[in-house]
Amino acid sequence: MKYQKPKGTADILPQEAQLWDEVEAKSREVFRRYRYGEIRVPLFESYDLYARSSGDTSDIVTKEMYDFNDKGGRHMALRPEGTAGVVRAYVENKLYGPEFPKPYRVYYMGPMFRYERPQSGRQREFHQIGVEAFGSDSPLLDAETIQLGVDLLHSVGVHDLRLAINTLGDPETRQAYHQALVDYFTPHKAELSEDSQIRLAKNPLRILDSKDPQDKPLVADAPSILDYLTPAAQAHFSVVKESLDKLGIAYVVDPTMVRGLDYYNHTIFEIMTTSPAFGNKELTVLAGGRYDGLVEQVGGPALPGVGFGLGTERLMLLVQHNRPAEEAAPLNVYIASLSEPAGAEALVLAHAIREAGYTVDMDFLNRKAKSQFKTANRENAQLVITLGEDELAHSAASIKQMATGQQIQVPFAEVTTEFHKIYQQLVEEGK
Ligand code: ATP
Ligand code: MG
């Protein structure tokens, strides 16, 4: 084959896209109830925006960014995640102004790009559905955001969830913990992976997120951030936990969880699920947290934010696995034409029927009558219109109900009215 899709990308074909549509529609409905509005931001921005917000020791910045110089010599990148662009838009459009609601809540859906090693559940172009809420530092909003994520997953029939939460505290917490990690890892520096030796110098917290098996034993015994929380950070986290308890959302506190991006502080969370759809491995479908310094870092006022991103492909695998393949939607009408002039008439009739709101298909391959009726059956047509010499001579269509075999002749001008009658009757009969 001459052309193949780029490594790590996927074609989403119509059969599958229908389910994507459904999942997106259900998500939109949940977002509406939580008063989130959709935001659509560019798929590429300046490299610097992503680099600065994700942090220059994150996997995204060190290995995964699809960056390029455009013809004007600007260093750009395809978006690796959704938050940075949304924060940029929030600042640039001054959405923190008094005329806008607080918290200011937005959601997005769309493709993200990361240069990763493709494997099951991991692509180079993948999709996320995500939310951001700006302008409130209340731990209640953290809890609401987690509840939103759970509701979203429930709304598409995904129930077997494990929620892990942790806190990264405030800047003071981070500083104390940073020192504790340096003190702990430095004597073991030689045992760390090459990447983590660099992380130790630049950002020791990142070591906890290492996927290198060489680092695992050391990471397992590392000091816990929970022992370094300031009273304020402690209080924030307590309210989050109490709120989750009140909401009846089960969770585990995982003090080794740090998340892949540098901008998080206070509450971070991941929702995981184990499913035969993932080969019974546990995978994270949704992840997020609070990022109180990010808006300021991107050049806006010091306003807090909290959000999450959900991996749409992973969600689709779960949704597909959880339900049997649906039958294709039936075709309302198939028009079989038995001659060339009949074909031209069929085109006109098809348009009128579509205008009236019904789905229509007809023959475009000069098929014999028998083969056209076969096609109608395969498409699961409810009605078949036949246009032959006799019908053309009388400017009338023969309409056959496939379920009953009942057949009538109706003048062209009355076809759509007749359809309304037939479908009304089908509805009344509960079909
Ligand atoms: P990991 O540690 O597995 O690399 P991450 O921290 O990079 O995850 P996030 O940036 O938090 O992931 O992205 C949120 C969600 O997006 C993930 O939980 C996952 O469901 C999905 N996701 C991330 N990267 C990919 C990818 N390359 N392909 C498909 N889905 C992805
Ligand atoms: Mg990653």
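Residues numbered from 1 in each chain as written. Chains lettered and ligands numbered in written order. Predicted model: local features only at pLDDT ≥ 70, side-chain atom pairs only at ≥ 80, totals over all residues. Heavy atoms only, no water.

Side note on the site of ligand 1
- Around ligand 1 sit 15 residues in total, of which Arg 114, Glu 116, Arg 122, Gln 123 and Arg 259 are the nearest.
- Separating a nitrogen atom of ligand 1 from a side-chain N or O atom of Glu 116 is a distance of 2.6 Å.
- At 2.9 Å from an oxygen atom of ligand 1 is found a side-chain nitrogen or oxygen belonging to Lys 211.
- In isolation ligand 1 offers 600 Å² of accessible surface; the protein chains occlude 89% of this area.
- At three residues, strand β10 (residues 282-290) tops the list of elements feeding residues into the shell around ligand 1.
- In terms of residue class, the shell around ligand 1 is built from three nonpolar, six polar and six charged. (Near = heavy atom within 4 Å. Polar contact = N/O pair within 3.5 Å; in protein donor to acceptor, adjacent residues only side chain to side chain. Areas by Shrake-Rupley, 256 points an atom, 1.4 Å probe, with all protein chains shown as cover. Helix = DSSP H or I, 4+ residues; strand = E, 2+ residues; numbered from the N terminus. Nonpolar A, V, L, I, M, F, W, Y, C, P; charged D, E, K, R; others polar.)

What about the UniProt feature "binding site: L-histidine" (unreviewed entry) in the protein?
- The sites that UniProt annotates as "binding site: L-histidine" (unreviewed entry) are Glu 81, Gly 82, Thr 83, Arg 114, Gln 128, Glu 132, Arg 259, Tyr 263 and Tyr 264.
- Positionally, Gly 82 belongs in the loop between β4 (75-78) and α4 (83-92).
- For Gly 82, a relative accessible area of 3% puts it in the buried group.
- In contact with Gly 82, not counting residues within four places along its chain, are Tyr 108, Met 112, Gln 128 and Glu 132.
- Positionally, Tyr 264 belongs in the loop between β8 (252-253) and β9 (265-274).
- A relative accessible area of 6% places Tyr 264 in the buried class. (UniProt positions renumbered as here; feature names shortened; annotations may be inferred. Buried < 20%, exposed > 50% of the residue type's maximum accessible area, 1.4 Å probe, protein only. Contact = heavy atoms within 4.5 Å.)

With respect to the packing of aromatic side chains
- Taken as a whole and judged by the stated rule, the model has 16 aromatic pairs.
- Between Tyr 90 and Tyr 104 the ring centres are 6.1 Å apart and the planes differ by 40°, which places this aromatic pair in the tilted class. Of the two residues, Tyr 90 sits in helix α4 while Tyr 104 sits in strand β5 (residues 104-113), which places them 14 residues apart along the sequence.
- Their ring planes at 45° and their centres at 5.7 Å tell us that Tyr 177 and Tyr 228 sit as a pair that is tilted. With Tyr 177 in helix α6 (residues 171-185) and Tyr 228 in the loop between α8 (216-220) and α9 (231-247), this pair connects stretches of sequence that are 51 residues apart.
- Here Tyr 177 falls in the buried class, since its relative accessible area comes to 2%.
- Taken together, the ring pairs connect Tyr 90, Tyr 96, Phe 100, Tyr 104, Phe 134, Tyr 263, Tyr 264 and Tyr 291 into an aromatic cluster.
- Positioned above the aromatic ring of Tyr 115, the side-chain terminus of Arg 124 is 3.9 Å from the ring centre. (Phe/Tyr/Trp six-rings, centres within 6.5 Å; stacked < 30°, edge-to-face > 60°. Lys NZ or Arg CZ within 6 Å of the ring centre and 35° of its normal.)

Details of the sheet that holds strand β11 (residues 305-311)
- Pairing within the open sheet is mixed, and its eight strands lie in the order β1-β5-β6-β11-β10-β9-β7-β8. What marks the edges here is a single partner per strand, and that holds for β1 (37-38) and β8.
- By the bridge criterion, five bridges tie β10 to β11 in an arrangement that is antiparallel. Each bridged residue has a counterpart across the sheet, and for Arg 290 the counterpart in β11 is Val 306.
- Together, β1, β5 and β6 (125-134) form the strand contacts of helix α1 (residues 14-33), whose direction differs from that of β5 by roughly 160°. (Pairing = 2+ DSSP bridges. Axes fitted to C-alpha atoms, helices over the stretch in contact; angles between N-to-C directions.)

Topic: the packing of helix α12 (residues 340-355) against helix α15 (residues 415-428)
- Where α12 contacts α15, the two axes come as close as 9 Å, and the packing angle between them is 45°. Here α12 lies oblique to α15, going by the angle between them. Taken as a pair, α12 and α15 cross one another with a handedness that is right-handed. Along the contact surface, α12 presents Leu 349, Ala 352 and Ile 353, while α15 presents Val 415, Thr 416 and Phe 419.
- Among the residues making up the contact of α12 with α15, the classes are represented as five nonpolar, one polar and no charged. (Parallel < 35°, antiparallel > 145°, perpendicular 65-115°, else oblique. Left-handed = near helix turned anticlockwise from the far one by under 90°.)

Remarks on α9
- Taking 1.5 Å per residue, 17 residues should reach 24 Å; α9 reaches 24 Å between its end C-alpha atoms and fits that length.
- Within α9 the residues assigned to the buried category are Ala 233, His 236, Phe 237, Val 240, Ser 243 and Leu 244. All buried residues of α9 fall inside an arc of 120° around its axis, so they share one side. Exposed side chains of α9 directed beyond 90 degrees from the buried face belong to Pro 231 and Lys 246.
- Considering only its buried residues, α9 is in contact with α5 (139-155), β7 (162-167), α6, β8, β9 and β10.
- Of the residues one or two after α9, Gly 248 is the one with positive phi, at around 75°. (Expected span 1.5 Å × (residues − 1). Arc of directions from axis to C-beta.)

With respect to the side chain of Glu 64
- Relative to the assigned elements, Glu 64 resides in helix α3 (residues 59-64).
- Buried charge without a salt bridge: Glu 64, with Arg 114 as the nearest opposite-charge side chain at an N-O distance of 4.4 Å. (Lys, Arg positive; Asp, Glu negative; His and termini not counted. Salt bridge = Lys/Arg side-chain N within 4 Å of Asp/Glu carboxyl O.)

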